[in-house]
Amino acid sequence: MIYTVTFNPAVDYVVHVQDFREGRVNRTASEEIQFGGKGINVSGILKNLGLESIALGFVAGFTGQAVEKALVDAGIKTDFIHLPDGLTRINVKIKGQIETEINGQGPSISCQMLDRLYQKLEQLCGGDVLVLAGSIPASLPGDMYEQILARLQEKEMDVAVDATGSLLQNVLKYRPFLIKPNHFELEEICGKKIKTQEDVCSCARMLQQQGARNVLVSMAADGAFLLDENGGTHRLAAPQGQVKNSVGAGDSMVAGFLAGWLKERDYGKALRLGVACGSATAFSERLATREEIETVLKAMNG
């Protein structure tokens, strides 16, 4: 089974404003509600690809109930921990001539509630896949992912980590199956400007030497690069299309890569499905559907 963990799910209130201006009343052209968080996005794409997963994490208040109901209605299995206080955060996404985001903080998570998550994770077993994605709420220690992997290191399971900075670097010693920094995150970790494909490869090898088994680098319009655990390098150009949405594209790539690997056990094919999923979401106003992913795949193979 695949398990995703989202510490800080969100209700995304997406508003389209044709001419957004600060300091005045703005009228929306349209608006919509989306439910997400990085791990939840991974579960959503996996569902669209026909793979089951269980979404773990924390929800609170009426917004948390809304997130949980939306996932259940979409056919995604959940096993959330319900916090007694606070509200699952609301993020405001303003889409005008440029994108502006206002992200909420989310509820506080106590040690008691965190222990309940640990108890759920202890039930995972060999052959399972765990996806840790996104930032950590301020109420939790900054080495949260490291603590989780330390507890699970004796289990024969694959862990994918999509995080930034020290949150990512600190887990490398536990040999995660997959990490997915983007171009800018890779620069930050490596401490140098990345200008060429050779730079991408050398930085990825540095992370692999520190413990990561597979390093998948998303590079927006420049496509993606994969350094696999066998030392193989794979590069794939981004397919052509109009980018409408940057939210969830990286999560979609992680989901597609995992789905491709689990189905085919071929890293090249896994990368191709990962890029197709990430691009299909970028070309859509929300997470890509299976039909949208298949359309992009056909264009890539065409």
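## Brief notes about the overall build of the chain
Then, number 1: Assigned secondary structure in the chain consists of 10 helices and 14 strands.
Then, number 2: Rg of the C-alpha trace for the chain: 19 Å, near the compact-globule value of 19 Å for 302 residues, within the 12% margin.
Then, number 3: By the burial criterion, 52% of the 302 residues in the chain qualify as buried.
Then, number 4: Counting every atom, the chain has about 14100 Å² of accessible surface; 47% of that belongs to carbon and sulfur.
Then, number 5: Of the side chains in the chain, 31 bear a positive and 36 a negative charge, and the two mean positions are spaced by 2 Å.

## Some details on the layout of surface pockets
Then, number 1: Roughly 230 Å³ of internal volume is contained in the second largest pocket.
Then, number 2: Lining the second largest pocket are L49, G260, K263, E264, K269, R272, L273, R290, I293, E294 and L297.
Then, number 3: Broken down by secondary-structure element, the contributors of at least two residues to the lining of the second largest pocket are α8 (249-264), α9 (267-282) and α10 (290-301).
Then, number 4: A per-element tally of the lining of the second largest pocket places α10 first, with four residues.
Then, number 5: A breakdown of the residues in the lining of the second largest pocket according to their chemical character gives four nonpolar, one polar and six charged.

## Remarks on the packing of helix α6 (residues 183-190) against helix α7 (residues 197-209)
Then, number 1: Interaxial distance between α6 and α7 falls to 10 Å at its minimum, and their mutual angle equals 60 degrees. By the angle class used here, α6 and α7 are oblique. Considering the relative orientation of α6 and α7, their crossing is left-handed. Facing α6, whose interface residues are L186, I189 and C190, α7 presents V200, C203, M206 and L207.
Then, number 2: Of the residues belonging to the contact of α6 with α7, the class tally is seven nonpolar, no polar and no charged.

## Notes on a nonpolar patch on the surface
Then, number 1: Together, Y13, I33 and I90 give the surface a local cluster of nonpolar side chains, amounting to about 250 Å² of exposed area.
Then, number 2: The class for I90 is partly exposed, based on a relative accessible area of 43%.

## Topic: the pairing of strand β8 (residues 99-102)
Then, number 1: Summarising the sheet, strand β7 (residues 89-95) and β8 pair through four bridges and their orientation is antiparallel. By the bridge assignment for β8, K95 is matched with E99.
Then, number 2: Hairpin connection, β7 to β8: the antiparallel pair is bridged by three residues.

## Some thoughts on the pattern of salt bridges
Then, number 1: The tally for this structure, following the rule as stated, stands at 15 salt bridges.
Then, number 2: In this structure, the salt-bridge partner of E146 is K173, at a minimum N-O distance of 2.7 Å. In this pair, E146 is assigned in helix α4 (residues 144-152) and K173 in the loop between α5 (165-169) and β11 (178-179), connecting sequence segments 27 residues apart.
Then, number 3: For K173, a relative accessible area of 53% corresponds to the exposed category.
Then, number 4: A salt bridge links E187 to K193; the nearest nitrogen and oxygen atoms lie 3.9 Å apart.
Then, number 5: A residue is classified by how much of its surface remains accessible, and E187, at 11% relative accessible area, is buried.
Then, number 6: Residue K193 is classed as exposed on the basis of its relative accessible area of 59%.
Then, number 7: Each of K38, D162 and D251 takes part in a single network of salt bridges with overlapping partners.

Rules of the game
- Residues numbered from 1 in each chain as written.
- Predicted model: local features only at pLDDT ≥ 70, side-chain atom pairs only at ≥ 80, totals over all residues.
- Heavy atoms only, no water.
- Helix = DSSP H or I, 4+ residues; strand = E, 2+ residues; numbered from the N terminus.
- Rg over C-alpha atoms; globule rule 2.2 N^0.38 Å.
- Buried < 20%, exposed > 50% of the residue type's maximum accessible area, 1.4 Å probe, protein only.
- Areas by Shrake-Rupley, 256 points an atom, 1.4 Å probe, with all protein chains shown as cover.
- Lys, Arg positive; Asp, Glu negative; His and termini not counted.
- Charge placed at Lys NZ, Arg CZ, Asp CG, Glu CD.
- 1 Å grid on protein atoms, 1.4 Å probe; cavity = no way out; pocket = protein on both sides within 12 Å on 5 of 7 lines; lining within 4 Å.
- Points joined across faces, edges and corners; volume = space filled by probe spheres on them.
- Nonpolar A, V, L, I, M, F, W, Y, C, P; charged D, E, K, R; others polar.
- Axes fitted to C-alpha atoms, helices over the stretch in contact; angles between N-to-C directions.
- Parallel < 35°, antiparallel > 145°, perpendicular 65-115°, else oblique.
- Left-handed = near helix turned anticlockwise from the far one by under 90°.
- Contact = heavy atoms within 4.5 Å.
- Patch = residues over 30% accessible without salt bridge, like charges linked within 9 Å, V, L, I, M, F, W, Y side chains within 5 Å.
- Salt bridge = Lys/Arg side-chain N within 4 Å of Asp/Glu carboxyl O.
- Pairing = 2+ DSSP bridges.

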